Amino acid sequence: MNMNSTISKITLISISLFFGSFSFGQDGTPLLSVEQLQQDLNILKSNLEEVHPGLYTYTPKVKLDSFFMALKSELVQPITALAFYRLLLPLHTYIRNNHTSISPPESYVSALMTDLPRLPIKLYHRKDSIFVEEDFSDEQAIGAGALVKKINGKSILPLFHEMVQWISTDGYNLSFPHFVAGYTFSRRYAYFYGTPSSYTIKFVDPTGLNKSATIQAITFDQIIANRDALVGKKPAPKPILDYQEKQGLAIMRVGSFQFDKSIEVKPAAYLKFLAQSFKRIKDAGIDTLVLDLRNNGGGFPEAANKLLAHLLTAPIRPIKGEYPQIKRIEAPHFFKEDFFLRHFNRQPKVWDGQQLSIKRADKVVVKPKKNAFTGQLYVLINARSASATGELIGQIKSHCNVTFVGEESGGNPASIVANDLLTLVLPHSKVSVQLPAVWSILNVSFENKGRGIIPDIECIPSIEAVLNNRDEAMEKLLLIHSAKH
């Protein structure tokens, strides 16, 4: 990547979008002076260098310094906070950490949830084809299943791939940003390119006919209302926890590890589910388990370890160590005062003469449960199997008799910079940066290659399967199991 040309390109996009936004009243924030922009950039750079323990994992310091120098040289005239945010987006490609993310000013995010018009479709990416997964427009002139070719005169693939570069991801993984770009396309388009009042979309309909339609942008409330009107046509979402037996298989779904007041499943119910499910497996003499971790975006590693304990044959220490850069946040006025900031400053840290570490993090032990499963394990994964789920499947790969089915997971199973997620708010632009303060090195049997878990059996759902609620990965797995028996 040529940094100067990349920054110049984004500068032109940002400044042109600024004038468009100003003309149509899409960005209510005032122009920031060059001095204010430079100050925010310096605050961002200094806090990344001081706090982020994985900053140079994928990009050498000299290259990241060059990016900041090039960007600083571009800040020669006043621009809006939104334009400044867009100039910072290439940092995602340099840092390559899924828990480090740059967000627009809260005023713009709020406006997108209330007043600003948005593109009312959700997209689905599969092997360089971009389909309409859901059409929430008033016109309903495109419809689900359409293969998108152009949006407002721009070819969809270059547009989509550019968007993917500006979404945070772990290492060189692309499954996660491809999923995010499609699932949140309406919002990301507004973040990165603005909010036109209409969209002309060229597409190929499911019968193979080339078509074009212009649809009006609508507010988020209108999108939700249109979605609710269509919701009766869609199946109910899968439960967070589920256990079934089919064709001699035990099939267990765990859809989250965030067991607290934020979701309906409480920790006690989760532990009871695990105990009862694995007892049923043992009592029934079932020797093959399908563990469905698709769409599990993680949560608490401790909750993931509770599941891991039912899959081990011997005790393990899942973490080699956890490493912060500093003992305390020395400039807390730039950060949101929240649980993570308080927790990080309270964490017991020790210095061994070379680096800081979290005291006793490497002493955590996960012991096998009495009813631990020791047979053939299949684990279903996809792009949303990330964060604490990424840690878990790294341990499963290292310690279990496992076959992974699906698509590359979205998280890093060997090394994760994700703990104590601080929120840095730049004082002038109000751009916010989620900034992890602790690096965990996981005790796995493979090296960090900057990728998720690569499935042994790949199965990326077709658009037809998505639209018809067919589980192609499970179907393939059941066929494999039937052939063996």
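See the structure above.
Looking at the sheet that holds strand S14 (residues 376–381)
Thought 1: A sheet is described by the order of its strands in space; here six strands give the open sequence S8-S9-S10-S14-S15-S18, paired in mixed fashion. Strands with a single pairing partner mark the edges of an open sheet, and in this sheet they are strand S8 (241–246) and strand S18 (457–458).
Thought 2: Pairing analysis gives five bridges linking S14 to strand S15 (residues 402–406), with the strands arranged parallel. In the sheet register, Leu377 faces S15, and the bridge partner there is Val402.
Thought 3: Sheet strands in contact with helix H14 (residues 388–399) are strand S10 (288–292), S14 and S15, and its direction is about 140° off that of S15.

Examining the packing of helix H4 (residues 81–88) against helix H9 (residues 185–193)
Thought 1: Close contact between H4 and H9 brings their axes to 8 Å; oriented N to C, the two are set at 105°. For the element pair H4 / H9, the angle class is roughly perpendicular. Contacts from Leu82, Tyr85 and Arg86 in H4 reach Ala190, Tyr191, Phe192 and Tyr193 in H9.
Thought 2: Here the residues of the contact of H4 with H9 sort into six nonpolar, no polar and one charged.

Focus on a positive patch on the surface
Thought 1: Together, Arg317, Lys359, Arg360 and Lys363 give the surface a local cluster of positive charge.
Thought 2: Here Arg317 lies in the loop between helix H12 (301–308) and strand S11 (319–324).
Thought 3: A relative accessible area of 42% places Arg317 in the partly exposed class.

Re the pattern of salt bridges
Thought 1: Tallied over the entire structure, the rule returns 16 salt bridges.
Thought 2: Across the pair Asp292 and Arg294 runs a salt bridge whose closest N-O atoms are separated by 2.9 Å. We note that Asp292, like Arg294, is buried.
Thought 3: In the salt-bridge network here, residues are joined through shared partners; they are Lys45, Glu49, Lys61 and Asp65.

Re the environment of Asn152
Thought 1: Mapped onto the secondary structure, Asn152 falls in the loop between strand S4 (147–151) and strand S5 (154–155).
Thought 2: Relative accessible area serves as the criterion here: at 35%, Asn152 is assigned to the partly exposed category.
Thought 3: Spatially, the C-alpha atoms of Asn152 and Ser137 are 16 Å apart, while their sequence positions differ by 15 residues.
Thought 4: Ignoring any residue separated from it by four or fewer positions in sequence, one finds Asn152 in contact with Tyr189, Pro196, Ser198, Tyr199 and Thr200.

Cut-off values and rules
Residues numbered from 1 in each chain as written. Predicted model: local features only at pLDDT ≥ 70, side-chain atom pairs only at ≥ 80, totals over all residues. Heavy atoms only, no water. Pairing = 2+ DSSP bridges. Helix = DSSP H or I, 4+ residues; strand = E, 2+ residues; numbered from the N terminus. Contact = heavy atoms within 4.5 Å. Axes fitted to C-alpha atoms, helices over the stretch in contact; angles between N-to-C directions. Parallel < 35°, antiparallel > 145°, perpendicular 65-115°, else oblique. Nonpolar A, V, L, I, M, F, W, Y, C, P; charged D, E, K, R; others polar. Patch = residues over 30% accessible without salt bridge, like charges linked within 9 Å, V, L, I, M, F, W, Y side chains within 5 Å. Areas by Shrake-Rupley, 256 points an atom, 1.4 Å probe, with all protein chains shown as cover. Salt bridge = Lys/Arg side-chain N within 4 Å of Asp/Glu carboxyl O. Lys, Arg positive; Asp, Glu negative; His and termini not counted. Charge placed at Lys NZ, Arg CZ, Asp CG, Glu CD. Buried < 20%, exposed > 50% of the residue type's maximum accessible area, 1.4 Å probe, protein only.

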